[in-house]
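So you can see what is in the structure, the chains are spelled out below.
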2 protein chains.
Amino acid sequence: MADISDLKLFYAAKRTVTKNGKEINYTSVSLASMIVLEEVAAEYEAIAINFASNEQRSETYLSMNPKGRVPTLATNKGILTETPAILLFVAQSYPQFGLAPIADIFELAKLQSFNSYLCSTVHVNHAHFARSSRWTDSESAIAECVKKVPSNMTESFNLIESEYFKGPWVMGDAYTIADAYLYTVSGWLSAYDVALEQFPKIYDHYQRMNARPAVIATWAKHQ
Amino acid sequence: MADISDLKLFYAAKRTVTKNGKEINYTSVSLASMIVLEEVAAEYEAIAINFASNEQRSETYLSMNPKGRVPTLATNKGILTETPAILLFVAQSYPQFGLAPIADIFELAKLQSFNSYLCSTVHVNHAHFARSSRWTDSESAIAECVKKVPSNMTESFNLIESEYFKGPWVMGDAYTIADAYLYTVSGWLSAYDVALEQFPKIYDHYQRMNARPAVIATWAKHQ
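All of the points below concern the structure found in this document. What you are looking at is a predicted structure, and each value in this text was computed from that prediction instead of being measured. (Residues numbered from 1 in each chain as written. Chains lettered and ligands numbered in written order. Predicted model: local features only at pLDDT ≥ 70, side-chain atom pairs only at ≥ 80, totals over all residues. Heavy atoms only, no water.)

## Things to note about the relation of the copies chain A and chain B
Rotating chain A by 180° about the axis while translating it 0.0 Å along that axis superimposes it on chain B, leaving an RMSD of 0.0 Å. Here the two chains are linked by the operation of a two-fold rotation axis. Mapped onto chain B, 100% of the interface residues of chain A again fall at the interface, so both copies present the same surface. (Least-squares fit on C-alpha atoms with pLDDT ≥ 70 in both. Contact = heavy atoms within 4.5 Å.)

## A word on the interface of chain A and chain B
A common way to state how big an interface is: give the accessible area lost once the parts meet. Across the contact, 45 residues belong to chain A and 45 residues belong to chain B. The contact between chain A and chain B buries some 3,900 Å² in all, and 61% of this surface belongs to carbon and sulfur atoms. Summed over the shared surface of chain A and chain B, the result is two salt bridges. Between B:Lys148 and A:Asp137 there is a salt bridge whose closest N-O contact spans 2.8 Å. Run the count over chain A and chain B and you get 13 residue pairs in polar contact (both at pLDDT 80 or more). Put simply, the parts of the chain that give the side of chain A that touches chain B at least two residues each are β6 (78–81), α3 (83–93), α4 (105–130) and α5 (139–164) of chain A. (Buried area = accessible area lost by both parts, 1.4 Å probe. Salt bridge = Lys/Arg side-chain N within 4 Å of Asp/Glu carboxyl O. Polar contact = N/O pair within 3.5 Å; in protein donor to acceptor, adjacent residues only side chain to side chain. Helix = DSSP H or I, 4+ residues; strand = E, 2+ residues; numbered from the N terminus.)

## What to know about the packing of aromatic side chains
Residues and elements named next belong to chain A. All chains considered together, the criterion is met by 14 aromatic pairs over all chains. With a centroid separation of 6.2 Å and 70° between ring planes, the pair formed by Phe 10 and Tyr 61 is classed as edge-to-face. Here Tyr 61 lies in helix α2 (residues 59–64) and Phe 10 lies in strand β1 (residues 7–12), a separation of 51 residues in the sequence. The residues Phe 10 and Tyr 61 share a single accessibility class, namely buried. Over the ring of Trp 169 we find Arg 212, and its NZ or CZ is 5.2 Å from the ring centre. The ring of Tyr 175 carries the charged tip of Arg 212 above its face, separated from the ring centre by 3.5 Å. (Phe/Tyr/Trp six-rings, centres within 6.5 Å; stacked < 30°, edge-to-face > 60°. Buried < 20%, exposed > 50% of the residue type's maximum accessible area, 1.4 Å probe, protein only. Lys NZ or Arg CZ within 6 Å of the ring centre and 35° of its normal.)

## With respect to the environment of B:Gln223
Residues and elements named next belong to chain B. Mapping Gln 223 onto the fold places it in the segment after α8 (213–221). In this structure the C-alpha to C-alpha distance between Gln 223 and Thr 75, which are 148 residues apart in sequence, comes to 22 Å. Discounting residues that sit within four places of it in the chain, Gln 223 has contacts with Tyr 11, Ala 13, Lys 14 and Ala 48.

## Concerning the sheet that holds strand β6 (residues 78–81) of chain B
Sheet architecture is open: four strands sit in the order β4-β1-β5-β6 (chain B), paired in mixed fashion. Each edge of the open sheet carries a strand with a single partner, namely β4 (44–49) and β6 of chain B. Adjacent strand axes in the sheet meet at a mean angle of 20° when their direction is disregarded. Helix-sheet contacts for α4(A) involve β5 (72–75) and β6 of chain B, and the interaxial angle to β6(B) is about 40°. Lying on the sheet, helix α3 (residues 83–93) of chain B is in contact with β5 and β6 of chain B; it crosses β6(B) at an angle near 120°. (Pairing = 2+ DSSP bridges. Axes fitted to C-alpha atoms, helices over the stretch in contact; angles between N-to-C directions.)

## A look at unusual backbone geometry
The residue after A:Gly167, namely A:Pro168, is reached through a cis peptide bond having omega -5°. Examined against the element boundaries, A:Pro168 turns out to sit in the loop between α5 and α6 (177–186). In this structure, the amide linkage connecting B:Val70 to the following residue, B:Pro71, adopts the cis form with an omega of -5°. Relative to the helices and strands, B:Pro71 is located in the loop between α2 (59–64) and β5. You will see that A:Ala41, though not glycine, has its phi angle at about 55°, which is positive. Along the polypeptide, A:Ala41 turns up in the loop between α1 (30–39) and β4 (44–49). Look at A:Ala41 and you get exposed, because its relative accessible area is 60%. Backbone geometry at A:Asn54 places phi at a positive 60°, although glycine is not the residue there. Of note, A:Asn54 is situated in the loop between β4 and α2.

## Overview of the packing of helix α5 (residues 139–164) of chain B against helix α6 (residues 177–186) of chain B
Residues and elements named next belong to chain B. Axis separation between α5 and α6 bottoms out at 12 Å; the angle between their running directions is 150°. Here α6 runs roughly antiparallel to α5, going by the angle between their axes. Seen along the crossing, α5 lies across α6 with a hand that is left-handed. Residues Met 153, Phe 157 and Ile 160 of α5 form the contact with α6, whose own contacting residues are Leu 182, Val 185 and Ser 186. Residue classes in the contact of α5 with α6 are distributed as five nonpolar, one polar and no charged. (Parallel < 35°, antiparallel > 145°, perpendicular 65-115°, else oblique. Left-handed = near helix turned anticlockwise from the far one by under 90°. Nonpolar A, V, L, I, M, F, W, Y, C, P; charged D, E, K, R; others polar.)

## Thoughts on the sheet that holds β1(A)
All names here are of chain A. Spatially, β4-β1-β5-β6 is the arrangement adopted by the four strands of the open sheet, whose pairing is mixed. The sheet is open, and its two edges are formed by β4 and β6, each paired on a single side. Within the sheet, the average angular offset between the axes of one strand and its neighbour, ignoring direction, is 20°. Bridging between β1 and strand β5 (residues 72–75) involves three bridges; their strand directions are antiparallel. Pairing of Phe 10 across the sheet is with Thr 72, part of β5. In the packing of α1 onto the sheet, contacts are made with β1, β4 and β5, and the angle to β1 comes to roughly 145°.

## Remarks on empty space enclosed by the protein
One pass over the structure, following the stated rule, counts one cavity of 30 Å³ or more. What the largest cavity holds in volume is close to 80 Å³. As for the largest cavity, its lining consists of A:Pro84, A:Ala85, A:Gln112, A:Asn115, A:Ser116, A:Cys119, B:Pro84, B:Ala85, B:Gln112, B:Ser116 and B:Cys119. Broken down by element, the lining of the largest cavity gets its largest block of residues, four residues, from α4(A). Among the residues making up the lining of the largest cavity, the classes are represented as six nonpolar, five polar and no charged. (1 Å grid on protein atoms, 1.4 Å probe; cavity = no way out; pocket = protein on both sides within 12 Å on 5 of 7 lines; lining within 4 Å. Points joined across faces, edges and corners; volume = space filled by probe spheres on them.)

## Some thoughts on the state of the cysteines
Evaluated as defined, the whole model comprises zero disulfides over all chains. For A:Cys145, which is in no disulfide, the shortest distance to another cysteine sulfur is to B:Cys145 and amounts to 4.2 Å. The class for B:Cys145 is buried, based on a relative accessible area of 1%. (Disulfide = S-S within 2.5 Å.)

Shown next, in the form of structure tokens:
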């Protein structure tokens, strides 16, 4: 049994925004952390942070996570941020669920490499759709960055499909934390009309993820 | 003794480019991986990849690392990419050097969180200086993105200085892989005239890193 308690996951509540005349449902990367907590049947409290009212920038939230981002996982040992770190922490805290190849240093590094690519390249490509203002204050430059999001995401997903997705799960036969992470990112593509169907293995993965009890439980809980 | 052999680190050779009339020395993030290999006294071959001639896009390199980025660590077990994954792999392969709190799941998660922030936020802020073309094809938008790099990097370093750097090393008393990573990123600020001196703890850290035998050995080897 894991030596952790008092888990609270702060995640971004779903938002529906209209962009280019289209209604888009945004789900943040914090979804991945919630899925893995569900996979290990962790006792935790899920606390929705309202980005529409900028709650992630409130004094209370910033005192816990000065980055003003999600997810934040509060534990009896302290606060954790950043998706790859939270996912591995959950996998290591509940080793009986086998969500990471903890005993194999090289295989673990392959898993970390995959997750690191998602956070440092794929998520960043995606972030230029709605969050380009992080990197420029110019309205015209923001609009220019938005234009390149579909081709960048297509390139990233082509690379995952052809080079990194082993099948049936990301890492091969074993379902791992990388699957929850990939599923979360896969869900973003429709916002800018990149069809997941063009990546057959990832599309099939997305459908199988949708059927997992942990994913169904996550969506039921996720506000 | 680590169960790995045949290590080859492919890293970006230093480049000097002129930008806004100023000569700038670029060192890539692969420096961090070389430092930790030196810290554990690993037997490895360091292979410089010439970005000036676009060698990272050569067929030979892409067959090994389809992302066309550095670093790449070749091992007897296979290929690894992505800095956070390579750093943890080296720390776990040479546990006697104590470069990561492997036995403490929560402390390891804090370390991974720090490294994840560097790769997904700080490195990305930096990349908008010379690599904005990843996210937009518009020359004017690229120029606009460059403008915001100094303030974004200042914000990131203020956050590290005030919230995450424990001292005397990133994680506190123990020198870890996060120190090699932070040192590498700290070295980038001068390119856009952000003075490291304004972050006293990180500035002091940078000087102490410069004096480490592993860092001296790295610079001697680094082409």
